[in-house]
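One-letter residues, chain by chain:
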Amino acid sequence: MTEHSTQKTVQRKKVKKRSQLKALWFQYRKNRLAMFGLILMTLMLLTALGAGFLLDYDTQVIGQNIRARLQWPSAAHWFGTDQYGRDLFARIIWGSRISLFVGFFTVGIAMTVGSLIGAFAGYYGGRVDNVLMRIMDIFLAMPGTIMAVAIVGALGPGIINVLMAMSLCRIPQFARIVRSAIITIRGQEFVEAARCCGSKDLRIIFRHILPNAIGPIVVQATIGMATTILGVAGLSFIGLGIEAPLPEWGSMLSEAKSQMMYQPYLMFFPGVAIVLAVLALNLIGDGLRDALDPRMKT
Amino acid sequence: MVPVILGLSFILFSIMELTPGDPARAMLGEYAPQEEVEQLREQMGLNDPFFVRYWRYVWNALHGDFGVSYRTNIPTVTEIKNRFPATLKIAFFAVLIAVILGIPVGIISAVKQYSAIDISSMVSALLFTSIPPFWLGLLMILLFSVKLHILPAVGSETWKHFIMPAIAMAAAQMATLVRMTRSTMLEVIRQDYIRTAKAKGAAPARVIFIHSLQNALLPVVTAVGISFSNLLGGALIIENVFGISGLGTLMVESVTGKDSPMLISSVLFAALVGGFVNLGVDLLYTFIDPRVKSQYLKRGAK
């Protein structure tokens, strides 16, 4: 009897889940700009993944070739070459790996930690909530860029340190969003029902409450990825981010700054790459928000 | 705000603790004998335990002494006083541009929803939120300084120097304000009381400016406050592009120079300014939002 009924609930759950996703996709698909963002991001992800097969990192991306330095865009070098004779196109393609990787992992870490903090603060309320959210307030008290600069200054530049600094700055935003979502869910009947069934707090938080807050978390994650990519590019631009031989878009711009008078193309293409990546993520984030909550549609 | 600043100073103090390198060694130079370095460490109190040093910092800070820069030996407060005006000017002009352009465009977009103006302003707002401000700055230098020779590229001597940095920083904030104003306006326009006002024959301009705008602007005011503290962070990078010696370049210099007292003071200062701006916004709320105002009045009556 019990076996039968659990099987049934599992089945029902599956059907429900698929239809929810389908409904989301149905809403999302109607938004043309959001679809454009999704296609753009997919293309960028594919090039980022394919870059390893198409380009040889040592010769084509960081290998210097003085004879071919500072060439304007041509058939051989689509985006031209920089002051060390490196092909700008190859570097920008490889740069997408770094930016997307850093964006993805930063948001991944910040989302996990921030959601946990927000969930505990929202679920338990009272003193736990007060202490956790006051700590978050301290981190929110100053702009993310300044915080990141202070942390990178202490740890030193480099990809892992930048990743840590950026995720630390993003944690409070996730904590806030998850907390407010959970406070509205906490009082609902199904949570009470779960508690009556004898579920432990942890189970209630992870199985019953967090899945219901997934919408705002996903939206914040996409937009957070966009701001992270912008932030990392900015840090690298002032020399406190990802360091020189790595083809990061921001540090490429910083190198191009000195050549700006005579080689403006060096400055143009990396910037376009940043804009496209950030734009795609912003479009996806907006589309998801509208699809998840049609009332908010503007 | 006081606990936030205190907590922030503690976090910054611990972060700087992780910084490798010995400030005493850095001050005396690489070839100074070890005994002298030890002596200076003792003199600066660097050998004391962490909490003793933190407590000493807080104690001195409460008496107005925020330490002396390791690099220049100038009190950090003096240095900030010298550097902050440039940053404040850029941030102020940027907020001004963002507000003057952003809010009206947002209102027009909402009133004429789905018109050509609305669509083009939404698309450009999207683009502006995705453009890195420092790249926008570089492009402007290329156009206005290198090609057209209208505006100076680097420095902060005349008001002309502040035009491009302010625009570069304003762009993203303006885009946020446009989107925000539009969406709150749209929300308000759909309310019943707006329909009532229209039905009673109020002129369209009156409906927009008196009935709708007052309600729609409340969240926008908060956004302006937040964008001001974002601008202080953005200044860090923009000042680097335009070679302006403001608070942002001061922070970057102190990070690269391992000048922890300078860094802690300047970051605390930025947080303090941001905090005061947000406090100002909260106070402003009591004037422009009758609901909040009546709450205060009621509490006062009790």
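Calculation notes
- Residues numbered from 1 in each chain as written.
- Chains lettered and ligands numbered in written order.
- Predicted model: local features only at pLDDT ≥ 70, side-chain atom pairs only at ≥ 80, totals over all residues.
- Heavy atoms only, no water.
- Helix = DSSP H or I, 4+ residues; strand = E, 2+ residues; numbered from the N terminus.
- Buried < 20%, exposed > 50% of the residue type's maximum accessible area, 1.4 Å probe, protein only.
- Phe/Tyr/Trp six-rings, centres within 6.5 Å; stacked < 30°, edge-to-face > 60°.
- Expected span 1.5 Å × (residues − 1).
- Bend = angle between axes of the 7 residues up to and from the residue.
- pLDDT = per-residue confidence, 0-100.
- Core = buried A, V, L, I, M, F, W, Y, C linked by side-chain atoms within 4.5 Å.
- Domains from an automatic or database assignment.

## Here we look at the environment of Thr 72 of chain B
All names here are of chain B.
Line of reasoning, step 1. Topologically, Thr 72 is positioned in the loop between helix H4 (50-62) and helix H5 (76-111).
Line of reasoning, step 2. Residue class for Thr 72 comes out partly exposed when judged on its relative accessible area of 39%.
Line of reasoning, step 3. Residues Thr 72 and Gly 225 lie 153 residues apart in sequence; the distance between their C-alpha atoms is 34 Å.

## Topic: the packing of aromatic side chains
Residues and elements named next belong to chain A.
Line of reasoning, step 1. Enumeration over the complete set of coordinates arrives at 14 aromatic pairs over all chains.
Line of reasoning, step 2. For the ring pair Phe 120 and Tyr 124, a centre distance of 6.0 Å and an interplane angle of 0° mean the geometry is stacked. With Phe 120 and Tyr 124 both in helix H4 (residues 88-124) and four residues apart, the pair spans about one turn of that helix.
Line of reasoning, step 3. Tyr 124 gets classed as partly exposed once you look at its relative accessible area, which sits at 39%.

## What about helix H7 (residues 159-186) of chain A?
Line of reasoning, step 1. Here H7 of chain A spans 39 Å end to end across 28 residues, near enough to the 40 Å set by a 1.5 Å rise per residue.
Line of reasoning, step 2. Along its length, H7 of chain A shows its largest kink, about 30°, at Arg 170 of chain A, and proline Pro 172 of chain A lies within four residues downstream of that point.

## Description of the confidence of the model for chain B
Keep in mind that low pLDDT regions are not for reading the predicted coordinates in detail.
Line of reasoning, step 1. When the pLDDT values of chain B are averaged, the result is 83; 96% of them are 70 or greater.
Line of reasoning, step 2. Under the prediction, the complex receives an ipTM of 0.82, its pTM being 0.84.

## Examining the nonpolar core
Line of reasoning, step 1. Counting residues in hydrophobic clusters, the biggest one holds 162 residues, and the most contacted among them are Met 147, Phe 237, Ile 238 and Trp 249 of chain A together with Leu 236 and Met 251 of chain B.
Line of reasoning, step 2. Here the element with the most residues in this core is helix H10 (residues 204-242) of chain B; it accounts for 16 residues.
Line of reasoning, step 3. Residue contributions to this core reach at least three from each of two domains, namely domain 1 (2-62) and domain 2 (76-301) of chain B.
Line of reasoning, step 4. Formed by six residues, the second largest nonpolar core is a distinct cluster that contains Ala 24, Ala 32, Val 37 and Tyr 70 of chain B.

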